[in-house]
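Take a look at the letters that make up each chain.
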Amino acid sequence: AADAEPFGDLVFAHAAAGGHGFRADLALQALIGTLAAKVAVVVGTFPKLSETFIIGDIIGLINHGHDVDICAFSKPQGEEKIHQDIIDYELLKRTHYVRSYAKKRQTVLYCCWLILKGLWRNPKAIIRCLSFRKYTLGETIDNLYKLEMFLNKRYEIVHCHFGTTAVEFLFL
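These remarks concern the structure in this document.

Reading the values: rules and limits
Counting from 1, residues in each chain are numbered in the order their sequence is written. It should be noted that, the model being predicted, local features are given only for residues of pLDDT at least 70 and side-chain atom pairs only at 80 or more, the latter also being counted only at that level, while totals for whole chains, interfaces and linings use all residues. Note that water and hydrogens are dropped before the side-chain values are worked out from all heavy atoms of the structure. Numbered from the N terminus, helices here are DSSP runs of H or I no shorter than four residues, and strands are runs of E no shorter than two. Between buried and exposed lies partly exposed: a residue is buried under 20% and exposed over 50% of the maximum accessible area for its type, with that area taken using a 1.4 Å probe on protein chains only. Each accessible area is a Shrake-Rupley estimate made with a 1.4 Å probe; only the visible protein chains count as cover when residues are assessed. At least two DSSP bridges between two strands are needed for those strands to be called paired. Helix axes are fitted to C-alpha atoms over the stretch in contact, other axes to C-alpha atoms as well, and angles between N-to-C directions run from 0 to 180 degrees. For this text, the term disulfide refers to a pair of cysteine sulfurs within 2.5 Å.

Turning our eyes to something else, we now look at the overall build of the protein. For the protein, the count of helices and strands is eight helices and four strands. Its helices and strands taken in sequence order, the protein reads α-α-β-α-β-α-β-α-α-α-β-α from the N to the C terminus. Residues counted as buried form 41% of the 172 residues belonging to the protein. As presented, the protein carries roughly 10300 Å² of accessible surface, and 59% of it is formed by carbon and sulfur atoms.

Printed below as a string of structure tokens:
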């Protein structure tokens with residue numbers, strides 16, 4: 001329960017700020033003091049030219065000594081221009097994109113691999129992910145693909161930008 005309190009406070013602080021101009025780095029400093037944390041920032045599309053506040057939040061976290069990874073559902077389509085900060089901070093090296101489905105046979109094999117890997121590394125997440133009473137087969141496959149990043153590394157804080165992105169990870 002103690003582990004959940006900072007995450008809950010962060011979500012509350014983000015909602016209270018209306019999601020605009022909110023400085024995740026300052027909230028994290030207040031919540032976890034000066035300790036460096038492993039943070040996953042989950043976004044829909046990255047890097048998106050119009051969402052400079054997300055880049056600012058990520059850079060703020062890095063500047064305060066936090067280990068930050070970015071999980072994105074997709075790359076922007078048709079945007080060739082990127083912010084200089086993305087290059088300077090090598091943010092694309094920290095970015096993990098949710099895999100897209102391959103052919104049917106490859107998807108089944110890959111999901112089996114993720115389940116076995118997940119049972120070893122994070123059995124609770126796999127069990128929640130495989131709740132067939134709650135999710136259809138397609139949603140379960142989506143959840144397994146989203147879960148992949150969280151099987152490779154443990155995070156103290158998962159910060160989802162935008163409510164629709166957070167809803168995608170409720171199964172965790």
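Ordered in space as β3-β2-β1-β4, the four strands form an open sheet in which the pairing is parallel. Each edge of the open sheet is held by one strand with a lone partner, namely β3 (95-97) and β4 (157-160). The average undirected angle you get between the axes of adjacent strands in this sheet is 25°. With three bridges joining them, strand β2 (residues 67-74) and β3 adopt parallel strand pairing. Bridge pairing in β3 places Cys71 opposite His96.

As a further point, take the state of the cysteines. Per the stated rule, a full pass over the model turns up zero disulfides. Unpaired in terms of disulfides, Cys112 finds its nearest cysteine sulfur in Cys111, a separation of 7.2 Å. Assessed through its relative accessible area of 41%, Cys112 is described here as partly exposed. Between Cys129, a free cysteine, and Cys111, which holds the nearest cysteine sulfur, the sulfur-to-sulfur gap is 8.6 Å.

What follows covers the side chain of Thr140. Its location among the elements puts Thr140 in helix α7 (residues 137-152). The class of Thr140 is buried, set by a relative accessible area of 2%.

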